[in-house]
Amino acid sequence: DGGITQSPKYLFRKEGQNVTLSCEQNLNHDAMYWYRQDPGQGLRLIYYSQIVNDFQKGDIAEGYSVSREKKESFPLTVTSAQKNPTAFYLCASTPIPYSNQPQHFGDGTRLSIL
Amino acid sequence: AQTVTQSQPEMSVQEAETVTLSCTYDTSESDYYLFWYKQPPSRQMILVIRQEAYKQQNATENRFSVNFQKAAKSFSLKISDSQLGDAAMYFCAYRSGEGGGADGLTFGKGTHLIIQP
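Residues numbered from 1 in each chain as written. Chains lettered and ligands numbered in written order. Predicted model: local features only at pLDDT ≥ 70, side-chain atom pairs only at ≥ 80, totals over all residues. Heavy atoms only, no water.

Please set out the sheet that holds strand E1 (residues 4–7) of chain A residue by residue, giving values where relevant.
All names here are of chain A. The antiparallel open sheet is built from 4 strands, whose spatial order is E1-E3-E8-E7. Strand pairing shows two members of the sheet lacking a second neighbour, E1 and strand E7 (64–66), which therefore form its edges. The sheet shows a mean angle of 20° between the axes of neighbouring strands, direction not considered. In this sheet, strand E8 (residues 76–78) lies alongside E7 in antiparallel orientation, the contact comprising 3 bridges. Across the sheet, the residue bridging to Ser-65 is Thr-77, located in E8. (Pairing = 2+ DSSP bridges. Helix = DSSP H or I, 4+ residues; strand = E, 2+ residues; numbered from the N terminus. Axes fitted to C-alpha atoms, helices over the stretch in contact; angles between N-to-C directions.)

Printed below as a string of structure tokens:
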């Protein structure tokens, strides 16, 4: 079945450490997204990418980085510059055309600080 | 920038009854799309219903329907015949239709829906 796979499900980060969250999709979607979810805050957009080797910052990009070397993959790195990384991270994708198509979501990764 | 407001942090309804969740948004755009997503305790995001701003007819999906008031910038979700499985967080989301609409979704903070058996 087609879908979005996020791994790991749970991740722990030590102080000063960079960690990478994986997101893979086999839906042949062009656009991919990363969201952060905090309690009581809803989802906020971190980064998104419309095509390979291109991506744009969302509303809360500081302390994060991404790459898009393959259409299927859009990993998110939480750097040591992100001082409050504890949150639930959701990856999403959408087909072309974008606007009226719903975003499909992965099952998420919960990141915590050790 | 667009904003989405859900003014009800929590709602409770008796099983089999009807409940309406509120959502308002602020935008200067004329081309946009609105969505309701459901997030059960598993944290999976599930699309409930969507509405294109250019359509006057309100969207309906089985027991779920919306009341889209474009002039008032209101997009409420009505759940009829509530079931225990409807218990979840519900998020209202906005997506611009301009520039191809690839800018990502803007979400409200969510409404926690409780179903009383």
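Kindly report on the packing of aromatic side chains, identifying the contributing residues and their values.
Counting across every chain of the model gives 17 aromatic pairs over all chains. Between Tyr-35 of chain A and Phe-107 of chain B, the aromatic rings sit 5.6 Å apart at their centres with planes inclined by 90°, giving edge-to-face as the arrangement. Taken together, the residues Tyr-35 of chain A in strand E4 (residues 31–38) and Phe-107 of chain B in strand E11 (residues 106–107) connect one chain to another. On the basis of relative accessibility, which here comes to 7%, the residue Phe-107 of chain B falls in the buried class. Members of the aromatic cluster, connected to one another through ring pairs, are Tyr-33, Tyr-35, Tyr-48 and Phe-105 of chain A together with Phe-35, Tyr-37, Phe-91 and Phe-107 of chain B. Its guanidinium or amino end placed over the ring of Phe-74 of chain A, Arg-68 of chain A lies 6.0 Å from that ring's centre, counting from NZ or CZ. A cation over a ring is seen here: Arg-43 of chain B above Phe-88 of chain A, with NZ or CZ 4.1 Å from the ring centre. (Phe/Tyr/Trp six-rings, centres within 6.5 Å; stacked < 30°, edge-to-face > 60°. Buried < 20%, exposed > 50% of the residue type's maximum accessible area, 1.4 Å probe, protein only. Lys NZ or Arg CZ within 6 Å of the ring centre and 35° of its normal.)

So what about the nonpolar core? Which residues, and what values?
Residues and elements named next belong to chain B. Ranked by size, the top nonpolar core spans 25 residues in total, and within it Tyr-25, Trp-36, Phe-75, Leu-77, Tyr-90 and Leu-113 carry the most contacts. At the level of elements, strand E3 (19–21), strand E5 (32–39), strand E6 (46–52), strand E8 (64–69), strand E9 (74–79), strand E10 (88–96) and strand E12 (111–116) are the ones that each hand at least two residues to this core. For this core, the element with the highest residue contribution is E10, accounting for 4 residues. Those residues within four positions of Tyr-25 in sequence are excluded, and the remaining contacts are Thr-3, Val-4, Tyr-32, Leu-34, Phe-68, Gln-69, Lys-70, Lys-73, Ser-74, Phe-75 and Tyr-94. (Core = buried A, V, L, I, M, F, W, Y, C linked by side-chain atoms within 4.5 Å. Contact = heavy atoms within 4.5 Å.)

Explain the pattern of salt bridges to me, using residue names and the numbers behind them.
Throughout the structure, instances matching the rule amount to 6 salt bridges over all chains. Ionic pairing is found between Lys-71 of chain A and Asp-30 of chain A, a salt bridge with its closest N-O pair at 3.9 Å. Note that Lys-71 of chain A is positioned in the loop between E7 and E8 and Asp-30 of chain A in the loop between strand E3 (19–25) and E4, a separation of 41 residues in sequence. According to the relative accessible area criterion, Lys-71 of chain A is partly exposed, its value standing at 24%. Residue Asp-26 of chain B pairs with Lys-73 of chain B through a salt bridge whose shortest N-O separation is 3.8 Å. In this pair, Asp-26 of chain B is assigned in strand E4 (residues 24–26) and Lys-73 of chain B in the loop between E8 and E9, connecting sequence segments 47 residues apart. Given a relative accessible area of 27%, Lys-73 of chain B falls into the partly exposed group. Several salt bridges converge on common partners, so that one network encompasses Arg-36, Asp-38 and Arg-44 of chain A. (Salt bridge = Lys/Arg side-chain N within 4 Å of Asp/Glu carboxyl O.)

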